[in-house]
Amino acid sequence: MTGFNEPASTQTALLLLGRGSDAGSERGVDCPGELPAPSDPDLVERARAAKEALGGNVFVLGHHYQRDEVIQFADVTGDSFKLAQQAAARPDAEYIVFCGVHFMAESADILTGDHQRVVLPDMAAGCSMADMATASQVEQCWEDLQRVGVADVTVPVTYMNSTAAIKGFVGREGGIVCTSSNAERALRWAYDQGEKVLFLPDQHLGRNTMVREMGYSLDDCVLYNPHKPNGGLTDDELRNAKIILWKGHCSVHGRFTLACVEEMRRVDPEVNILVHPECTHEVVEAADYVGSTEYIIKALEAAEPGSSWAIGTELNLVRRLANRFPDKKISFLDKTVCYCSTMNRIDLPHLVWALEELVAGRVPNVITVDERTASYAREALDRMLALP
Ligand code: SF4
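Residues numbered from 1 in each chain as written. Predicted model: local features only at pLDDT ≥ 70, side-chain atom pairs only at ≥ 80, totals over all residues.

1. Details of the UniProt feature "binding site: iminosuccinate" (unreviewed entry) in the protein
- Per the UniProt record, "binding site: iminosuccinate" (unreviewed entry) is annotated on H63, S80, Y159, M160, N161, S180, H276, P277, E278 and T293.
- Position of N161 among the secondary structure elements: in the loop between β5 (154-159) and α7 (164-172).
- Aside from chain neighbours lying at most four places away, what touches N161 is S80, F103, C127, M129, A130 and D202.
- Relative to the helices and strands, T293 resides in helix α13 (residues 293-302).
- When the 22 C-beta atoms within 10 Å are taken as the criterion, T293 is described as buried.
- The residues contacting T293, other than those within four sequence positions of it, are H64, D79, H276, T313 and L317. (UniProt positions renumbered as here; feature names shortened; annotations may be inferred. Helix = DSSP H or I, 4+ residues; strand = E, 2+ residues; numbered from the N terminus. Contact = placed C-beta atoms within 7 Å. Buried ≥ 20, exposed ≤ 12 C-beta atoms within 10 Å, placed from the backbone.)

2. Comments concerning the site of the ligand
- Around the ligand, the structure places 14 residues, and the nearest of them are C127, M129, C250, V252 and C340.
- Its residues assigned to classes, the shell around the ligand shows nine nonpolar, four polar and one charged. (Near = placed C-beta within 6 Å. Nonpolar A, V, L, I, M, F, W, Y, C, P; charged D, E, K, R; others polar.)

3. Structural notes on the sheet that holds strand β11 (residues 289-290)
- Pairing in this open sheet of four strands is parallel, and the strands run β11-β10-β12-β13 from one edge to the other. Pairing within the sheet leaves two strands with one partner each, and these edge strands are β11 and β13 (329-332).
- Sheet topology note: the strand β10 (residues 272-275)/β11 ladder contains two bridges and is parallel. By the bridge assignment, L274 is partnered in β11 with Y289. (Pairing = 2+ DSSP bridges.)

4. Details of the domain arrangement of the protein
- Taken domain by domain, the protein comprises domain 1 (23-127 + 342-369), domain 2 (130-250) and domain 3 (253-332).
- Counting residues at the interface gives ten residues for domain 1 and eight residues for domain 2.
- Looking at the side of domain 1 that touches domain 2 element by element, the count peaks at four residues for helix α4 (residues 102-111).
- Counted by class, the side of domain 1 that touches domain 2 contains five nonpolar, three polar and two charged residues. (Domains from an automatic or database assignment.)

5. Some thoughts on the nonpolar core
- I96, V97, F98, A108, I176 and V275 are the most contacted members of the largest nonpolar core, which has 118 residues in total.
- A total of seven residues in this core trace back to one element, the largest contributor, which is helix α15 (residues 348-359).
- Those residues in contact with V275 that sit more than four places away from it in its chain are F256, V283, V284, A287, V290, G312 and L333. (Core = buried A, V, L, I, M, F, W, Y, C linked by C-beta atoms within 7 Å.)

6. With respect to α13
- Those residues of α13 lying buried are T293, I296, I297 and L300. Projected down its long axis, α13 shows its buried positions confined to an angular sector of 100 degrees, all on one face. Among the exposed residues of α13, those pointing more than 90 degrees away from its buried face are K298 and A302.
- Next to the buried residues of α13 lie β10, β12 (308-312), α14 (315-324) and β13. (Arc of directions from axis to C-beta.)

7. Some details on the sheet that holds strand β2 (residues 76-78)
- Reading across from one edge, β2-β1-β3-β4-β14 is the order of the five strands in this open sheet, with mixed pairing throughout. Edge positions in the sheet fall to β2 and β14 (366-367), since each has one partner strand and no second.
- Taken together, the three bridges between strand β1 (residues 58-63) and β2 define a ladder with parallel strand orientation. Each bridged residue has a counterpart across the sheet, and for G62 the counterpart in β2 is T77.
- Sitting on the sheet, helix α3 (residues 80-88) touches β1, β2 and β3 (95-99), and the angle it makes with β1 is about 170 degrees. (Axes fitted to C-alpha atoms, helices over the stretch in contact; angles between N-to-C directions.)

8. So, the UniProt feature "binding site: [4Fe-4S] cluster" (unreviewed entry) in the protein
- Look at the UniProt record and you will see "binding site: [4Fe-4S] cluster" (unreviewed entry) annotated at C127, C250 and C340. In summary, the annotated positions, though distributed over 214 residues, converge in three dimensions, the widest C-alpha pair being only 9.3 Å.
- Note on placement: C127 falls in the loop between β4 (117-119) and α5 (128-131).
- C-beta crowding within 10 Å serves as the criterion here: with 26 such atoms nearby, C127 is assigned to the buried category.

9. Considering the pairing of strand β7 (residues 196-200)
- When you tally the buried positions in β7, you get five out of five residues, the bulk of the element.
- Bridge count between β5 and β7: five bridges; the pairing is parallel. Note on β7: the bridge partner recorded for V155 is V197.
- Note that β7 and strand β9 (residues 243-246) share three bridges and pair parallel. For F199, the partnering residue across the bridge sits in β9 and is L245.

10. Details of the environment of P201
- Within the secondary structure, P201 sits in the loop between β7 and α9 (203-213).
- Judged by C-beta crowding, with 29 C-beta atoms within 10 Å, P201 ranks as buried.
- The spacing of P201 and Y216 is 15 residues in sequence and 19 Å in space, taken between C-alpha atoms.
- Setting aside its immediate chain neighbours within four residues, P201 contacts M129, A130, M132, A133, Y159, S162, I166, W246 and G248.

The structure is reproduced here in C-alpha coordinates:
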(Lines give C-alpha, C1' and ligand atoms only; values in the text may rest on other atoms or scores of the structure.)
Protein backbone atom coordinates (compact mmCIF):
# COMPACT_ATOMS: atom_id res chain seq x y z
CA MET A 1 0.00 0.00 0.00
CA THR A 2 1.35 3.41 -0.95
CA GLY A 3 0.31 6.68 0.66
CA PHE A 4 -0.45 9.85 -1.24
CA ASN A 5 2.36 12.37 -1.03
CA GLU A 6 0.70 15.73 -0.57
CA PRO A 7 2.55 18.37 -2.60
CA ALA A 8 4.15 21.20 -0.65
CA SER A 9 1.94 24.18 -0.01
CA THR A 10 3.32 27.40 -1.47
CA GLN A 11 2.25 31.02 -1.56
CA THR A 12 0.99 30.48 -5.07
CA ALA A 13 -0.92 27.35 -4.17
CA LEU A 14 -4.32 28.99 -4.20
CA LEU A 15 -4.11 30.86 -7.45
CA LEU A 16 -6.27 33.90 -7.78
CA LEU A 17 -8.23 33.08 -10.87
CA GLY A 18 -10.64 35.29 -12.74
CA ARG A 19 -9.28 38.26 -14.63
CA GLY A 20 -5.58 38.73 -13.93
CA SER A 21 -4.80 38.37 -10.28
CA ASP A 22 -7.15 41.01 -8.94
CA ALA A 23 -9.59 39.33 -6.58
CA GLY A 24 -11.86 42.36 -6.74
CA SER A 25 -12.34 41.88 -10.46
CA GLU A 26 -13.72 38.39 -10.14
CA ARG A 27 -17.34 37.72 -10.88
CA GLY A 28 -19.80 38.02 -8.04
CA VAL A 29 -20.34 39.71 -4.75
CA ASP A 30 -19.89 38.93 -1.10
CA CYS A 31 -22.32 36.55 0.46
CA PRO A 32 -25.50 38.59 1.13
CA GLY A 33 -26.25 37.26 4.58
CA GLU A 34 -24.70 35.84 7.68
CA LEU A 35 -22.15 33.24 6.76
CA PRO A 36 -21.45 30.62 9.45
CA ALA A 37 -17.91 30.73 10.82
CA PRO A 38 -15.62 28.06 9.31
CA SER A 39 -14.74 27.08 12.89
CA ASP A 40 -18.38 26.31 13.80
CA PRO A 41 -18.21 22.68 15.01
CA ASP A 42 -21.85 22.14 14.03
CA LEU A 43 -21.44 22.83 10.32
CA VAL A 44 -21.72 19.21 9.26
CA GLU A 45 -24.79 18.68 11.40
CA ARG A 46 -26.36 21.96 10.17
CA ALA A 47 -25.84 20.98 6.53
CA ARG A 48 -27.29 17.53 7.16
CA ALA A 49 -30.32 18.93 9.02
CA ALA A 50 -31.05 21.59 6.36
CA LYS A 51 -30.76 19.06 3.56
CA GLU A 52 -33.07 16.68 5.38
CA ALA A 53 -35.61 19.46 5.99
CA LEU A 54 -35.63 20.27 2.26
CA GLY A 55 -36.00 16.60 1.28
CA GLY A 56 -36.70 16.00 -2.41
CA ASN A 57 -37.11 19.74 -3.04
CA VAL A 58 -33.36 20.15 -3.21
CA PHE A 59 -30.79 18.41 -5.38
CA VAL A 60 -27.14 19.08 -4.60
CA LEU A 61 -24.59 18.74 -7.40
CA GLY A 62 -20.85 18.45 -6.67
CA HIS A 63 -18.15 18.88 -9.30
CA HIS A 64 -15.19 16.49 -9.18
CA TYR A 65 -12.83 19.34 -8.25
CA GLN A 66 -14.87 20.35 -5.23
CA ARG A 67 -13.65 20.11 -1.63
CA ASP A 68 -14.33 16.89 0.34
CA GLU A 69 -16.27 18.83 3.00
CA VAL A 70 -18.78 19.83 0.31
CA ILE A 71 -18.70 16.66 -1.80
CA GLN A 72 -19.99 14.65 1.17
CA PHE A 73 -23.35 16.42 0.75
CA ALA A 74 -23.60 16.03 -3.02
CA ASP A 75 -26.43 13.87 -4.34
CA VAL A 76 -24.37 13.32 -7.45
CA THR A 77 -20.78 14.08 -8.47
CA GLY A 78 -19.45 14.51 -11.98
CA ASP A 79 -17.93 16.79 -14.58
CA SER A 80 -19.75 19.92 -15.72
CA PHE A 81 -21.76 18.27 -18.48
CA LYS A 82 -22.80 15.24 -16.47
CA LEU A 83 -23.97 17.52 -13.66
CA ALA A 84 -26.05 19.69 -16.00
CA GLN A 85 -27.64 16.53 -17.41
CA GLN A 86 -28.33 15.24 -13.91
CA ALA A 87 -30.00 18.51 -12.98
CA ALA A 88 -32.22 18.25 -16.08
CA ALA A 89 -33.15 14.70 -15.08
CA ARG A 90 -34.58 15.88 -11.73
CA PRO A 91 -37.65 17.94 -12.65
CA ASP A 92 -39.12 17.32 -9.19
CA ALA A 93 -36.35 19.21 -7.43
CA GLU A 94 -37.38 22.84 -7.07
CA TYR A 95 -33.88 23.92 -6.07
CA ILE A 96 -30.65 22.82 -7.70
CA VAL A 97 -27.73 23.74 -5.44
CA PHE A 98 -24.71 23.71 -7.74
CA CYS A 99 -21.37 23.22 -6.01
CA GLY A 100 -19.27 24.09 -9.03
CA VAL A 101 -18.58 27.36 -10.85
CA HIS A 102 -20.71 30.01 -12.52
CA PHE A 103 -20.76 28.69 -16.11
CA MET A 104 -21.80 25.24 -14.86
CA ALA A 105 -24.75 26.72 -12.97
CA GLU A 106 -25.72 28.64 -16.12
CA SER A 107 -25.74 25.39 -18.12
CA ALA A 108 -27.92 23.79 -15.46
CA ASP A 109 -30.34 26.73 -15.69
CA ILE A 110 -30.46 26.38 -19.49
CA LEU A 111 -31.24 22.66 -19.29
CA THR A 112 -33.69 22.67 -16.37
CA GLY A 113 -37.36 23.66 -16.34
CA ASP A 114 -38.74 27.15 -15.67
CA HIS A 115 -40.11 25.99 -12.31
CA GLN A 116 -36.60 25.09 -11.08
CA ARG A 117 -34.08 27.49 -9.64
CA VAL A 118 -30.34 27.01 -9.71
CA VAL A 119 -28.42 28.28 -6.68
CA LEU A 120 -24.65 28.91 -6.64
CA PRO A 121 -23.58 29.01 -2.95
CA ASP A 122 -20.88 31.61 -3.66
CA MET A 123 -21.35 34.03 -6.57
CA ALA A 124 -17.59 34.57 -6.66
CA ALA A 125 -17.08 31.00 -7.88
CA GLY A 126 -16.19 31.90 -11.46
CA CYS A 127 -13.82 30.27 -13.94
CA SER A 128 -10.69 31.93 -15.28
CA MET A 129 -11.00 30.13 -18.60
CA ALA A 130 -14.64 31.06 -19.18
CA ASP A 131 -13.82 34.68 -18.32
CA MET A 132 -11.14 34.77 -21.03
CA ALA A 133 -13.79 34.97 -23.77
CA THR A 134 -16.36 37.75 -23.39
CA ALA A 135 -19.32 38.16 -25.72
CA SER A 136 -18.07 41.48 -27.10
CA GLN A 137 -14.60 40.05 -27.81
CA VAL A 138 -16.08 37.09 -29.66
CA GLU A 139 -18.42 39.35 -31.69
CA GLN A 140 -15.35 41.41 -32.63
CA CYS A 141 -13.53 38.27 -33.75
CA TRP A 142 -16.53 37.26 -35.86
CA GLU A 143 -16.50 40.71 -37.49
CA ASP A 144 -12.80 40.16 -38.32
CA LEU A 145 -13.70 36.85 -39.96
CA GLN A 146 -16.54 38.51 -41.89
CA ARG A 147 -14.22 41.29 -43.08
CA VAL A 148 -11.66 38.82 -44.47
CA GLY A 149 -14.48 36.81 -46.05
CA VAL A 150 -14.34 33.54 -44.10
CA ALA A 151 -17.15 33.81 -41.54
CA ASP A 152 -19.55 32.01 -43.92
CA VAL A 153 -17.34 28.92 -44.01
CA THR A 154 -16.36 29.02 -40.32
CA VAL A 155 -18.21 26.96 -37.73
CA PRO A 156 -17.82 28.10 -34.10
CA VAL A 157 -17.24 25.38 -31.51
CA THR A 158 -17.18 26.18 -27.82
CA TYR A 159 -16.01 24.09 -24.93
CA MET A 160 -18.61 23.50 -22.20
CA ASN A 161 -16.37 25.70 -20.02
CA SER A 162 -17.69 28.96 -21.44
CA THR A 163 -20.32 31.47 -20.41
CA ALA A 164 -23.94 31.16 -21.51
CA ALA A 165 -23.38 34.24 -23.70
CA ILE A 166 -20.66 32.41 -25.67
CA LYS A 167 -22.77 29.27 -25.99
CA GLY A 168 -25.59 31.52 -27.22
CA PHE A 169 -23.30 33.13 -29.83
CA VAL A 170 -22.20 29.70 -31.03
CA GLY A 171 -25.79 28.43 -31.27
CA ARG A 172 -26.84 31.56 -33.19
CA GLU A 173 -24.04 31.06 -35.73
CA GLY A 174 -24.82 27.37 -36.34
CA GLY A 175 -22.08 25.96 -34.12
CA ILE A 176 -21.84 23.37 -31.39
CA VAL A 177 -20.78 22.89 -27.76
CA CYS A 178 -18.24 20.19 -26.90
CA THR A 179 -16.81 18.59 -23.78
CA SER A 180 -13.32 17.21 -23.25
CA SER A 181 -14.82 13.75 -23.95
CA ASN A 182 -16.39 14.52 -27.32
CA ALA A 183 -14.23 17.35 -28.74
CA GLU A 184 -13.05 15.18 -31.64
CA ARG A 185 -16.59 14.19 -32.65
CA ALA A 186 -17.74 17.82 -32.36
CA LEU A 187 -14.87 19.01 -34.56
CA ARG A 188 -15.56 16.34 -37.19
CA TRP A 189 -19.22 17.43 -37.18
CA ALA A 190 -18.10 21.06 -37.61
CA TYR A 191 -15.89 20.20 -40.60
CA ASP A 192 -18.89 18.48 -42.20
CA GLN A 193 -20.75 21.83 -41.95
CA GLY A 194 -17.95 24.18 -43.03
CA GLU A 195 -14.28 24.52 -43.91
CA LYS A 196 -12.87 26.17 -40.81
CA VAL A 197 -13.46 26.21 -37.07
CA LEU A 198 -13.32 28.99 -34.49
CA PHE A 199 -12.58 27.12 -31.24
CA LEU A 200 -13.48 28.80 -27.91
CA PRO A 201 -12.20 29.43 -25.25
CA ASP A 202 -9.54 26.77 -24.51
CA GLN A 203 -6.69 26.83 -27.01
CA HIS A 204 -5.16 23.66 -25.54
CA LEU A 205 -8.21 21.42 -25.91
CA GLY A 206 -8.62 22.65 -29.49
CA ARG A 207 -4.96 22.21 -30.43
CA ASN A 208 -4.55 18.86 -28.67
CA THR A 209 -7.67 17.45 -30.33
CA MET A 210 -6.72 18.68 -33.82
CA VAL A 211 -3.12 17.48 -33.69
CA ARG A 212 -3.23 14.47 -31.42
CA GLU A 213 -6.63 13.01 -32.28
CA MET A 214 -7.27 14.20 -35.83
CA GLY A 215 -3.82 14.23 -37.45
CA TYR A 216 -3.63 17.93 -38.32
CA SER A 217 -0.34 19.80 -37.92
CA LEU A 218 0.44 22.71 -35.64
CA ASP A 219 0.68 24.84 -38.80
CA ASP A 220 -3.05 24.29 -39.37
CA CYS A 221 -3.75 26.15 -36.11
CA VAL A 222 -3.52 29.90 -35.44
CA LEU A 223 -4.04 31.66 -32.12
CA TYR A 224 -6.48 34.58 -31.92
CA ASN A 225 -5.54 37.03 -29.17
CA PRO A 226 -8.65 39.10 -28.30
CA HIS A 227 -6.47 41.84 -26.85
CA LYS A 228 -4.80 42.59 -30.20
CA PRO A 229 -6.27 44.10 -33.40
CA ASN A 230 -7.33 41.31 -35.78
CA GLY A 231 -6.39 38.87 -33.01
CA GLY A 232 -2.72 39.60 -33.66
CA LEU A 233 -3.01 37.77 -37.01
CA THR A 234 -2.70 38.84 -40.63
CA ASP A 235 -5.71 38.57 -42.92
CA ASP A 236 -4.00 35.71 -44.75
CA GLU A 237 -3.36 33.85 -41.50
CA LEU A 238 -7.08 34.09 -40.69
CA ARG A 239 -7.97 32.99 -44.23
CA ASN A 240 -5.55 30.05 -44.40
CA ALA A 241 -5.95 28.52 -40.92
CA LYS A 242 -7.88 25.28 -40.60
CA ILE A 243 -8.71 26.18 -37.00
CA ILE A 244 -8.65 29.53 -35.21
CA LEU A 245 -7.92 28.87 -31.54
CA TRP A 246 -9.04 31.40 -28.95
CA LYS A 247 -6.24 32.53 -26.63
CA GLY A 248 -7.73 31.11 -23.45
CA HIS A 249 -6.56 28.44 -21.04
CA CYS A 250 -7.23 26.89 -17.65
CA SER A 251 -5.05 28.39 -14.94
CA VAL A 252 -5.00 25.07 -13.09
CA HIS A 253 -4.10 22.68 -15.92
CA GLY A 254 -1.77 25.28 -17.42
CA ARG A 255 0.54 24.84 -14.42
CA PHE A 256 1.77 21.40 -15.45
CA THR A 257 5.02 21.58 -17.39
CA LEU A 258 7.29 19.31 -19.38
CA ALA A 259 9.77 19.57 -16.50
CA CYS A 260 7.11 18.02 -14.16
CA VAL A 261 6.76 15.08 -16.55
CA GLU A 262 10.54 14.60 -16.90
CA GLU A 263 11.07 14.76 -13.15
CA MET A 264 8.34 12.15 -12.54
CA ARG A 265 9.91 9.81 -15.09
CA ARG A 266 13.37 10.35 -13.59
CA VAL A 267 12.13 9.48 -10.08
CA ASP A 268 10.02 6.53 -11.26
CA PRO A 269 10.74 5.11 -14.74
CA GLU A 270 7.65 2.88 -14.42
CA VAL A 271 5.25 5.77 -13.88
CA ASN A 272 2.23 6.27 -16.16
CA ILE A 273 1.64 9.93 -16.88
CA LEU A 274 -2.09 10.66 -17.23
CA VAL A 275 -3.20 14.22 -17.99
CA HIS A 276 -6.26 16.25 -18.91
CA PRO A 277 -6.42 17.71 -22.47
CA GLU A 278 -6.59 21.24 -21.01
CA CYS A 279 -2.83 20.82 -20.36
CA THR A 280 -0.38 22.39 -22.82
CA HIS A 281 0.44 20.58 -26.04
CA GLU A 282 3.99 19.71 -24.97
CA VAL A 283 2.74 18.16 -21.72
CA VAL A 284 0.06 16.19 -23.57
CA GLU A 285 2.64 15.00 -26.13
CA ALA A 286 4.92 13.82 -23.33
CA ALA A 287 2.14 12.01 -21.43
CA ASP A 288 1.22 8.34 -21.76
CA TYR A 289 -2.53 8.87 -21.53
CA VAL A 290 -4.75 11.89 -22.10
CA GLY A 291 -8.42 12.24 -21.30
CA SER A 292 -11.29 13.99 -19.57
CA THR A 293 -11.93 13.88 -15.85
CA GLU A 294 -14.29 10.92 -16.30
CA TYR A 295 -11.61 9.16 -18.42
CA ILE A 296 -9.03 9.73 -15.68
CA ILE A 297 -11.34 8.21 -13.06
CA LYS A 298 -12.09 5.18 -15.25
CA ALA A 299 -8.38 4.68 -16.10
CA LEU A 300 -7.49 4.55 -12.41
CA GLU A 301 -10.41 2.24 -11.63
CA ALA A 302 -9.07 -0.16 -14.27
CA ALA A 303 -5.37 0.22 -13.36
CA GLU A 304 -3.44 -2.81 -12.07
CA PRO A 305 -2.79 -2.92 -8.31
CA GLY A 306 0.76 -1.76 -7.65
CA SER A 307 0.93 0.33 -10.83
CA SER A 308 2.29 3.85 -10.61
CA TRP A 309 0.48 6.97 -11.87
CA ALA A 310 1.18 10.70 -11.96
CA ILE A 311 -1.96 12.69 -12.66
CA GLY A 312 -2.21 16.11 -14.27
CA THR A 313 -5.53 17.47 -13.11
CA GLU A 314 -7.02 19.32 -10.14
CA LEU A 315 -5.63 18.30 -6.75
CA ASN A 316 -8.90 17.67 -4.85
CA LEU A 317 -9.79 14.98 -7.38
CA VAL A 318 -6.30 13.46 -7.43
CA ARG A 319 -6.21 13.27 -3.64
CA ARG A 320 -9.66 11.62 -3.53
CA LEU A 321 -8.60 9.06 -6.15
CA ALA A 322 -5.39 8.33 -4.24
CA ASN A 323 -7.41 7.70 -1.08
CA ARG A 324 -9.88 5.55 -2.99
CA PHE A 325 -7.19 3.33 -4.54
CA PRO A 326 -4.56 2.81 -1.82
CA ASP A 327 -3.28 -0.30 -3.68
CA LYS A 328 -2.08 1.92 -6.57
CA LYS A 329 0.66 4.50 -6.38
CA ILE A 330 -1.08 7.72 -7.36
CA SER A 331 0.69 11.06 -7.24
CA PHE A 332 0.06 14.62 -8.35
CA LEU A 333 2.05 15.68 -11.41
CA ASP A 334 3.07 19.08 -10.04
CA LYS A 335 5.36 19.52 -7.05
CA THR A 336 3.21 22.23 -5.51
CA VAL A 337 -0.43 22.33 -4.44
CA CYS A 338 -2.76 23.49 -7.16
CA TYR A 339 -6.48 23.74 -6.53
CA CYS A 340 -9.06 25.48 -8.66
CA SER A 341 -9.34 28.40 -6.25
CA THR A 342 -12.63 29.69 -7.61
CA MET A 343 -14.23 26.25 -7.29
CA ASN A 344 -12.83 26.12 -3.76
CA ARG A 345 -14.69 29.27 -2.81
CA ILE A 346 -17.67 27.02 -2.26
CA ASP A 347 -16.84 25.70 1.15
CA LEU A 348 -18.99 24.19 3.88
CA PRO A 349 -20.03 27.57 5.41
CA HIS A 350 -21.36 28.72 2.02
CA LEU A 351 -23.20 25.45 1.47
CA VAL A 352 -24.75 25.60 4.95
CA TRP A 353 -25.76 29.21 4.38
CA ALA A 354 -27.41 28.43 1.03
CA LEU A 355 -29.29 25.40 2.38
CA GLU A 356 -30.48 27.20 5.51
CA GLU A 357 -31.68 30.15 3.42
CA LEU A 358 -33.77 27.72 1.37
CA VAL A 359 -35.19 26.18 4.55
CA ALA A 360 -36.15 29.71 5.68
CA GLY A 361 -38.06 30.24 2.42
CA ARG A 362 -35.51 32.56 0.80
CA VAL A 363 -33.78 31.59 -2.45
CA PRO A 364 -30.24 33.01 -2.51
CA ASN A 365 -27.78 33.47 -5.38
CA VAL A 366 -30.11 32.38 -8.18
CA ILE A 367 -28.37 31.93 -11.54
CA THR A 368 -30.58 32.83 -14.49
CA VAL A 369 -29.87 33.02 -18.20
CA ASP A 370 -32.15 35.24 -20.29
CA GLU A 371 -34.48 33.31 -22.59
CA ARG A 372 -33.00 34.53 -25.91
CA THR A 373 -29.47 33.53 -24.90
CA ALA A 374 -30.72 30.28 -23.37
CA SER A 375 -32.61 29.37 -26.52
CA TYR A 376 -29.54 29.80 -28.79
CA ALA A 377 -27.33 28.05 -26.23
CA ARG A 378 -29.78 25.14 -26.12
CA GLU A 379 -29.46 24.81 -29.92
CA ALA A 380 -25.67 24.47 -29.57
CA LEU A 381 -26.08 21.99 -26.71
CA ASP A 382 -28.70 19.99 -28.62
CA ARG A 383 -26.33 19.64 -31.58
CA MET A 384 -23.79 18.17 -29.21
CA LEU A 385 -26.35 15.77 -27.75
CA ALA A 386 -27.22 14.62 -31.28
CA LEU A 387 -23.60 13.76 -32.11
CA PRO A 388 -23.21 10.14 -33.25
S1 SF4 B 1 -10.27 23.92 -13.26
FE2 SF4 B 1 -9.85 25.49 -14.84
S3 SF4 B 1 -11.51 25.29 -16.36
FE4 SF4 B 1 -12.15 24.17 -14.47
S5 SF4 B 1 -13.38 25.68 -13.33
FE6 SF4 B 1 -11.26 25.81 -12.56
S7 SF4 B 1 -10.31 27.44 -13.80
FE8 SF4 B 1 -12.19 26.82 -14.86
